[in-house]
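Secondary and tertiary structure notes
Chain by chain, the residues run as shown.
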Amino acid sequence: MMVHNIRQRFIAIKEQVEKRVLDSYLIEYIETPKIDEEKLLALVSIMEPLDLSFNEIQNYSLSTMLIQIALDTHDYISSASIDEKKRQLTVLAGDYFSGLYYKLLAESEDINMIKSLSAGVKEVNENKILVYQSNLDGIKSLMNSMRRIESSLLTKVTEYFKVEFWNDFLSDLLLFKRLLVEKDQYFQSGYSILFQSLKKLFYSEVKLEELSVEQQQRLIQACDEYLERLKRSIEKQLPNMNDFLAQRVTVLLGQHQPYAKSFVEEG
């Protein structure tokens, strides 16, 4: 029954997120906002065992996802080459999602949750600056910043509810997912924020697009070593998760295919 509950709640809350962000006017002009289903399911899973009503779970999940989508929407502007009108509308869309987040939490009069999520946003943005400006002194620092970018909002929620035992699992899972996305972007387009940062750490004197096959392999291998390590850590923690979350995570883990061999064959 617990799994059925979580699945139903996840679907119901996802529909509410979509209702707010898939505005017909906005999506005519901007890239369709992406809803991170793993983050949403993690939020529902964190709160499901707590003494909260469905409305409270929905409100906290919606608020956190709206601010996440606002951050992701602003990210899209800096990473894509888009025309000025689309850029302006995308900025406004990100601000609009932020406004919805504040409205929801203000209505619930939960000032402490607003403070917690605001601290999470600050942490995300500080680490984005470190990664985007490549102000990092090694691969460990880079991965730690990527980890915080992905998990800071959710770990502020766990701290708020005093269930910090979730934090290792969440930060491993969300970093794993981000690395998969970055690796796929690099394979598809020859560019990603992660691989640009790795390139600066390993081969600062060469442009990313001018790396030799061996140099590209080394970057991919560095990414894959982290993916393998994270995968092992996540698998150890899976038995503690609800079945619906465990199933979704298992599918995600199966998307990791190591490593440079396939890239070299294609190249």
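Anything mentioned here points back to the structure above.
Residues numbered from 1 in each chain as written. Predicted model: local features only at pLDDT ≥ 70, side-chain atom pairs only at ≥ 80, totals over all residues. Heavy atoms only, no water.

Attention shifts here to helix H8 (residues 167–189). For H8, spanning 23 residues, the distance from its first C-alpha to its last is 32 Å, which sits close to the expected 33 Å at 1.5 Å a residue. Just beyond H8, the residue with positive phi is glycine 190, at close to 80°. (Helix = DSSP H or I, 4+ residues; strand = E, 2+ residues; numbered from the N terminus. Expected span 1.5 Å × (residues − 1).)

The geometry of H8 relative to helix H10 (residues 213–237) is characterised by a closest axis approach of 9 Å and an angle of 150° between their N-to-C directions. Taken together, the axes of H8 and H10 are roughly antiparallel relative to one another. Judged by the twist between their axes, the crossing of H8 over H10 is left-handed. From H8, Asp168, Phe169, Asp172, Leu173, Leu175, Phe176, Leu179, Leu180, Lys183, Tyr186 and Phe187 reach across to H10, where they touch Gln216, Ile220, Cys223, Asp224, Tyr226, Leu227, Leu230, Lys231, Ser233, Ile234 and Gln237. Here the contact of H8 with H10 is composed, by residue class, of 14 nonpolar, three polar and five charged. (Axes fitted to C-alpha atoms, helices over the stretch in contact; angles between N-to-C directions. Parallel < 35°, antiparallel > 145°, perpendicular 65-115°, else oblique. Left-handed = near helix turned anticlockwise from the far one by under 90°. Contact = heavy atoms within 4.5 Å. Nonpolar A, V, L, I, M, F, W, Y, C, P; charged D, E, K, R; others polar.)

Glancing now at the packing of aromatic side chains. Geometrically, a pair of aromatic rings is defined through the distance of the ring centres and the angle of the planes. Inspection of every chain in the model, using the stated rule, returns eight aromatic pairs. On the basis of an interplanar angle of 65° and a centroid distance of 5.8 Å, the ring pair of phenylalanine 10 and phenylalanine 244 is categorised as edge-to-face. One end of the pair, phenylalanine 10, is in helix H1 (residues 2–21); the other, phenylalanine 244, is in helix H11 (residues 243–253), with 234 residues separating them in the sequence. Here phenylalanine 10 matches phenylalanine 244 in class, with each residue buried. (Phe/Tyr/Trp six-rings, centres within 6.5 Å; stacked < 30°, edge-to-face > 60°. Buried < 20%, exposed > 50% of the residue type's maximum accessible area, 1.4 Å probe, protein only.)

Where burial is concerned, most of helix H9 (residues 193–202) is hidden: seven out of the ten residues are buried. When we look at burial in H9, the residues that qualify are Ile193, Leu194, Phe195, Gln196, Ser197, Leu198 and Lys199. Residues of H9 that are buried make contact with helix H6 (111–132), helix H7 (139–160), H8 and H10.

On to the nonpolar core. Nonpolar side chains tend toward joint burial in soluble globular proteins. Ranked by size, the top nonpolar core spans 81 residues in total, and within it Phe169, Leu179, Leu194 and Phe195 carry the most contacts. In this view, leucine 179 contacts Met143, Leu194, Cys223, Tyr226, Leu227 and Leu230; residues no more than four positions away in its chain are not counted. (Core = buried A, V, L, I, M, F, W, Y, C linked by side-chain atoms within 4.5 Å.)

What the rule picks out here adds up to 15 salt bridges. Between glutamate 37 and arginine 248 there is a salt bridge, with the nearest N and O atoms lying 2.7 Å from each other. Of this pair, glutamate 37 sits in helix H3 (residues 37–47) while arginine 248 is found in helix H11, placing the two residues 211 residues apart along the sequence. For glutamate 150, the salt bridge goes to arginine 178, with nearest N and O atoms at 2.6 Å. One end of the pair, glutamate 150, is in helix H7; the other, arginine 178, is in helix H8, with 28 residues separating them in the sequence. Across the pair, arginine 178 and glutamate 150 agree in class, each one buried. (Salt bridge = Lys/Arg side-chain N within 4 Å of Asp/Glu carboxyl O.)

Read these as spatial facts, not as claims about activity.
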